[in-house]
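Structural overview for review
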Amino acid sequence: MNFGSFAAHAADVEAESADLDVVALVTDLFLEADDDLAVVARFVQGRVFPAHAETKLDIGPRLCYEALARAAGTNVTADDVEGRLAETGDVGEVAASLDLGGQAGLAAFGNNGNDGSGASGLSVRAVYEKLTALANATGDGSQDEKVTLLFGLFNQCSSEEARYLARLVLGEMRIGVGEGTVRDAIAEAFDVPVEAVERALQVSNDYGLVAATAREEGVEGIDAMHLEVGRPVQAMLAQAGTVTSALDDWGEAAVETKFDGARVQVHWDGEDVALYSRNMEDVTAALPELVEFVENNVEPPVILDGEAVAVADDGTPLPFQEILTRFRRKHDVEAMREEVAVELNAFDCLHAGVPTSHEDSSARQTPADGGEDLLDEPFRERHARLESVVDDESAVSDVLFSEDPDEIAAFDERALESGHEGIMLKDPDAAYTPGNRGKNWLKRKPDVETLDLVVTGAEWGEGRRASFLGTFLLSARAADGETGDASGSTERFKTIGKVATGITDEELAELTELLEPYVRTEDGQEVDIEPAVVFEVGYEEIQASPTYSSGYALRFPRFVTVREDKEPGDADTLNRVERLADSQR
Ligand code: AMP
């Protein structure tokens, strides 16, 4: 395909705002792309290489301005280019406005003496090959070589071609073509189902390959695409969420520690280990201890997802910055390793060898390595496979499958106490969706606000906790400005919820001792308590509720501490509760 023709299509797309029309235009572009389909499918998104490729263009803005200035002739400097950019804000606009080409003695760069308008004869393939050469230039003098190569390209460009070339090399294509548009256009152009395209993109991470396969081999071809050990997958992402919503939506949640480290994807085919960061950068060389660990403890072929955590000598997690230092380290890795040790906490398994018991049932088997893709398996199953392929359980994240908010709160408590960030909640039945920040993985939001509430009742515990008050009824003050009532009338206090979580056995004993003197009446396990003690309580959400006299209920309330410094008259009022409830919306 002619690069001029690509630029003309890009201009049409840029001028179109309706999503469906954009898809139609990109579909036309794909149908015209001939042998260059794979490259065009990336260019149109502003990418030169597949997201997972090791080859990176790595062209800084200054290098691009130099190349443009050189192509624009002796009167233009890189500073001029930068100056014009400051005015327009669009490097494409600046490139298109320059009088490019026709520089003397440029036969070697294929200068065709174009006059800066119309098509140049430059092909998409030629642009791609030059950019590949540019990306591969390394070592001394490579900067000059890059400028020269890019200048050679600009020097051949018409103004419209220069507009899109400049944007392409700086990763600023911005013509309104996102991943969804390309997915839909591939489906449309080659008559394959969108879902099949989506799945193929998830496993291959390569729009060019999927487009070309859809055209050449149709739906069978893209259905047969698999994960490949050594080709990184986009990481599944998490949203902020609450225990309450997790349990409301799923009934049961898979709960894990949220490790404060850096995402790492482990690929191990039995010969080589490769480790990738969250952005699919190859970080293998920076983490030799993880490579050794995987070689010795993990059964290939596998692709695992996890978090690399920096740990102190005694095994406690170190702050996040420490792991970043290790990830970025290129030199003296061994010395660095002495200072900061790195451990793997694997939490997912995307590809693994087929267990003997599955051998004949698996349609997903990849012939190349005898493994199978597990993306579509429920988390529960993937986690079981993870446990079976890693023989050192300390490297596998513990998971609690639970329907019980109190049990989850206790897990959270333990995670925080051991110095972790908190917990992750996962839908036990959900698939692994690469690159997707969906609702199936939630990072539990820390409690934003706390409330200081008066204890106006309690319940005796059960079993081991029978001699302790275990569940505490909480109340807010009825209105602003009122003071606590020394007579102990609870009318001034409106109930808002019960707290039973976040309290250790030791604390239960202390709280019982603290509250017993204020017990007024008992009815079975229920105890009425004179307002005297103020608890600070965290919660996830305030809900309107007929259950309590305040008209509100706290969701997922957790005991934080006793406010020894506060009297009931200093507790939070219903007005504050109302304001907080309103601010949630
Ligand atoms: P955030 O970076 O705050 O959006 O949180 C999501 C990140 O938490 C993921 O990308 C992982 O790097 C990290 N993480 C830590 N522990 C886990 C876990 N058990 N499961 C999933 N992600 C985790």
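Just above, that's the structure.
What counts and what doesn't
Numbering of residues starts from 1 in each chain and follows the order in which that chain's sequence is written. This being a predicted model, a pLDDT of at least 70 is required before a residue's local features are given, and a value of 80 or more before pairs of side-chain atoms are given or counted; all residues contribute to the totals for chains, interfaces and linings. Side-chain numbers come from the whole structure's heavy atoms, not from hydrogens or water. Runs of H or I in DSSP of at least four residues are treated as helices and runs of E of at least two as strands, each being numbered from the N terminus. The classification of residues rests on relative accessible area computed with a 1.4 Å probe and restricted to protein chains. Under 20% of the type maximum is buried, over 50% is exposed, and intermediate values are partly exposed. Contacts are assigned to residue pairs with any non-hydrogen atoms lying within 4.5 Å of each other. Under the convention used here, Asp and Glu are negative, Lys and Arg are positive, and both His and the chain ends fall outside the count. To locate a charge, take NZ of a lysine, CZ of an arginine, CG of an aspartate or CD of a glutamate. Two strands pair under a simple rule: DSSP has to find at least two bridges between them. Every angle, taken between N-to-C directions, lies between 0 and 180 degrees, and every axis is a line fitted to C-alpha atoms, over only the stretch in contact when it is a helix. Near residues are defined by distance, with any heavy atom within 4 Å of the molecule or strand qualifying the residue. Polar contact is the term for a pair of N or O atoms within 3.5 Å; when the atoms are in protein, one must be able to donate a hydrogen and the other to accept it, and sequence-neighboring residues count only if both atoms are side-chain atoms. The Shrake-Rupley method, run with a 1.4 Å probe sphere, supplies the accessible areas, and residue values consider only the shown protein chains as cover. Any two rings among Phe, Tyr and Trp, with Trp reduced to its six-membered ring, count as a pair given centres within 6.5 Å; such a pair is stacked if its planes are under 30 degrees apart, edge-to-face if over 60, and tilted if neither.

**Considering the overall build of the chain**
Within the chain, the secondary structure is distributed over 20 helices and 20 strands. The principal-axis extent of the C-alpha atoms belonging to the chain is close to 100 × 60 × 55 Å. Looking at the chain as a whole, 51% of its 585 residues are labelled buried. Contacts in the chain between residues far apart in sequence, at least 24 positions, make up 70% of those at least 6 positions apart. Charge-centre separation for the chain: the mean point of 49 positive side chains lies 4 Å from the mean point of 118 negative side chains.

**Considering the sheet that holds strand β2 (residues 253-258)**
Reading across the sheet, the 5 strands line up as β1-β11-β10-β2-β9 and stay open at both edges, with mixed pairing between neighbours. Both outer strands of the open sheet, β1 (237-241) and β9 (399-402), are each paired with one neighbouring strand and no more. Averaged over all pairs of adjacent strands, the angle between strand axes in this sheet comes to 35 degrees, irrespective of strand direction. Each of β2, β9 and β10 (422-426) touches helix α17 (residues 379-389); the most contacted strand, β9, lies at about 150 degrees to it. Across the sheet, helix α18 (residues 405-417) touches β2, β9, β10 and β11 (437-444), and the angle it forms with β10 is around 140 degrees.

**Regarding the site of the ligand**
Taken together, E256, T257, K258, F259, R263, R278, E307, F347, M424, K426, W441 and K443 are the residues near the ligand. Residue E256 places a side-chain N or O atom 3.0 Å away from a nitrogen atom belonging to the ligand. Taking R263, its side chain carries an N or O atom lying 2.8 Å from an oxygen atom of the ligand. Calculation on the ligand without its partners gives an accessible area of 490 Å², and the protein chains cover 86% of this total. Listed by contribution, the elements that provide at least two residues to the shell around the ligand are β2, β10 and β11. Take the shell around the ligand: its biggest share by element is 3 residues, from β2.

**Looking at the environment of T471**
Examined against the element boundaries, T471 turns out to sit in strand β13 (residues 469-477). Considered as a pair, T471 and V177 are 294 residues apart in the sequence and their alpha carbons are 55 Å apart. In this structure T471 touches G457, A458, E459, K498, V499 and A500, once residues within four positions along its chain are discounted.

**Points about the packing of aromatic side chains**
Taken as a whole, this structure holds 8 aromatic pairs when the rule is applied. Considering the side-chain rings of F347 and W441, the 5.9 Å spacing of their centres and the 80 degrees angle between planes classify their relative orientation as edge-to-face. You can see F347 sitting in strand β6 (residues 341-353) and its partner W441 sitting in strand β11, a full 94 residues away along the chain. Both residues of the pair, F347 and W441, count as buried. Ring geometry for F472 and F535: centres 5.3 Å apart, planes at 65 degrees, overall edge-to-face. Linking F472 in strand β13 with F535 in strand β17 (residues 534-538), this pair joins segments that are 63 residues apart in sequence. Grouping residues by exposure puts F472 and F535 together as buried. Through pairs of rings, three or more aromatic residues link up here, namely F3, F6 and F43.

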